[in-house]
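Coordinates in review
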Amino acid sequence: MPNLEPQQRAMAINKLLSLGQLDLLRNSSGLLYRMKDAQTASKMKGSDNQEKLVYQIIEDAGNKGIWSRDIRFKSNLPLTEINKILKNLESKKLIKAVKSVAASKKKVYMLYNLQPDRSVTGGAWYSDQDFESEFVEVLNQQCFKFLQGKAEAARDSKQSPMVQRNSSFATSHEVWKYICELGISKVDLSMEDIETILNTLIYDGKVEMTIIAAKEGTVGCVDGRMKLYRGVNPIIQPTGLVKAPCGICPVFDDCHEGGEISPSNCIYMTEWLNF
């Protein structure tokens, strides 16, 4: 608005802020303003500028959420004021608090209608912040059973060795479909979840993987490539180091000292050290 005097510009901005039609943002160079969509504006009607600022910070955090400490740092508001605003926004069902598997005693805040990111909830392998080790073991067994059955069917087909070998492979989509049809999971498993399980079987020496070229649009094809898996019988037992639980742990990225999952309280690490 170059044609307006600074005082007129300030009055116009303050009017839009009071009507809830602008977002007030802050960066290292000063204050920034952004036009707010009509839906968000109606939600925040009657809120003061501090509440709007906290809401905007939480909105910018997306589905990974943000800790109250970081909200305090970005807003420069007192912690008591932030806690009051958070409770008010929660009561309006504009935001929600979610426990993070990375730090069970801390909560992150995100918009009420967002589905938390896998890094917050732990994905399919967690239930109420508890790692479902038995569920993971059942999936391991069933995925291996499917691949083993496919390999046995290929061997019994009495065809040429090359045809037998090729027909013994299965795509991750086929394994995923088999697991879904079994109905053993209470949560929706993705292809990525199944590939995580298949990777643990590879590390155990029970499954091998190969990558082939495939047409774009083919189910399971990524960037013109497709992963194929088949069950194998290990020739020799793997060494102790190969059996280290860290190499096959599906929650390796969430493991750190002081967290819900850590080397010091890992029962699998204890069992491995006693082998």
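Structural data are supplied above this passage.
Right, let's walk through the structure included here. (Residues numbered from 1 in each chain as written. Predicted model: local features only at pLDDT ≥ 70, side-chain atom pairs only at ≥ 80, totals over all residues. Heavy atoms only, no water.)

A separate point is a nonpolar patch on the surface. Together, V138, L182 and I184 line one region of the surface with nonpolar side chains, adding up to about 190 Å² of accessible area. Structurally, the position occupied by V138 is in helix 7 (residues 133-155). (Patch = residues over 30% accessible without salt bridge, like charges linked within 9 Å, V, L, I, M, F, W, Y side chains within 5 Å. Areas by Shrake-Rupley, 256 points an atom, 1.4 Å probe, with all protein chains shown as cover. Salt bridge = Lys/Arg side-chain N within 4 Å of Asp/Glu carboxyl O. Helix = DSSP H or I, 4+ residues; strand = E, 2+ residues; numbered from the N terminus.)

On inspection of all chains with the given rule, the structure shows one aromatic pair. One residue, K206, lies across the ring of F144, its end atom 5.6 Å from the ring centre. (Phe/Tyr/Trp six-rings, centres within 6.5 Å; stacked < 30°, edge-to-face > 60°. Lys NZ or Arg CZ within 6 Å of the ring centre and 35° of its normal.)

Across the interface, helix 3 (residues 49-60) lies against helix 4 (residues 68-75) with an axial gap of 10 Å and an inter-helix angle of 120 degrees. Looking at the two axes, helix 3 sits oblique to helix 4. The two elements helix 3 and helix 4 cross, and the hand of that crossing is right-handed. The segment helix 3 lies against helix 4, with L53, V54, I57 and I58 engaging I71, K74 and S75. (Axes fitted to C-alpha atoms, helices over the stretch in contact; angles between N-to-C directions. Parallel < 35°, antiparallel > 145°, perpendicular 65-115°, else oblique. Left-handed = near helix turned anticlockwise from the far one by under 90°. Contact = heavy atoms within 4.5 Å.)

A few words on helix 3. Helical periodicity: at 3.6 residues per turn, an α-helix aligns residues three or four positions apart in one direction. Compared with an ideal rise of 1.5 Å per residue, which puts twelve residues at 16 Å, helix 3 spans 16 Å between its outermost C-alpha atoms and is within 8% of the ideal. Among all positions of helix 3, only E51, K52, L53, V54, Y55, Q56, I57 and I58 are buried. Downstream of helix 3 by a residue or two, G62 has a phi angle that is positive, lying close to 70 degrees. (Expected span 1.5 Å × (residues − 1). Buried < 20%, exposed > 50% of the residue type's maximum accessible area, 1.4 Å probe, protein only.)

Angle between the axes and distance between the axes: these two values describe a pair of packed helices. Where helix 4 contacts helix 5 (residues 79-91), the two axes come as close as 10 Å, and the packing angle between them is 115 degrees. In terms of their interaxial angle, helix 4 and helix 5 are classed as roughly perpendicular. Crossing handedness for the pair helix 4 and helix 5: right-handed. Taking contact as the criterion, the partners of S68, I71, R72 and S75 in helix 4 are, on helix 5, L79, I82 and L86. A breakdown of the residues in the contact of helix 4 with helix 5 according to their chemical character gives four nonpolar, two polar and one charged. (Nonpolar A, V, L, I, M, F, W, Y, C, P; charged D, E, K, R; others polar.)

For the rest of this paragraph, the subject is the nonpolar core. Nonpolar side chains in soluble globular proteins generally cluster together in the buried interior. The biggest cluster of nonpolar side chains holds 24 residues, and the ones touching the most others in it are W125, L147, V175, I179 and L198. At the level of elements, helix 7, helix 9 (172-182) and helix 10 (191-203) are the ones that each hand at least two residues to this core. Here this core gets seven residues from one element, more than from any other, and that element is helix 7. (Core = buried A, V, L, I, M, F, W, Y, C linked by side-chain atoms within 4.5 Å.)

All right, on to the side chain of S172 then. If you trace the backbone, S172 turns up in helix 9. Judged by relative accessible area, which is 2%, S172 ranks as buried.

A few words now on the pairing of strand 10 (residues 225-231). Of all seven residues in strand 10, five are buried, a share of seventy percent or more. Note: strand 7 (residues 170-171) against strand 10, two bridges, orientation antiparallel. From the neighbouring strand, A170 faces strand 10, where its bridge partner is Y229. When strand 8 (residues 207-213) meets strand 10, the two strands line up antiparallel, connected through seven bridges. Residue pairing across strands places V207 opposite G231, the latter belonging to strand 10. A loop of two residues connects strand 9 (residues 221-222) with strand 10, the two strands running antiparallel in sequence, and D223 in this loop sits at a positive phi of about 55 degrees. (Pairing = 2+ DSSP bridges.)

Moving on, we come to helix 10. For helix 10, built from 13 residues, the straight-helix expectation of 18 Å at 1.5 Å per residue is met to within 8% by its first-to-last C-alpha distance of 18 Å. Along helix 10, the residues classified as buried are D193, I194, E195, I197, L198, T200 and L201.

Before going further, it helps to spend a moment on the pattern of salt bridges. For the coordinates displayed, the defined rule picks out five salt bridges. Linking R230 and E208 is a salt bridge whose minimum nitrogen-to-oxygen distance equals 2.5 Å. Highlighted residues: R230 in strand 10 and E208 in strand 8, separated in sequence by 22 residues. Residue E208 is classed as partly exposed on the basis of its relative accessible area, which comes to 27%. One connected set of salt bridges, linked through shared partners, spans R165, E208 and R230.

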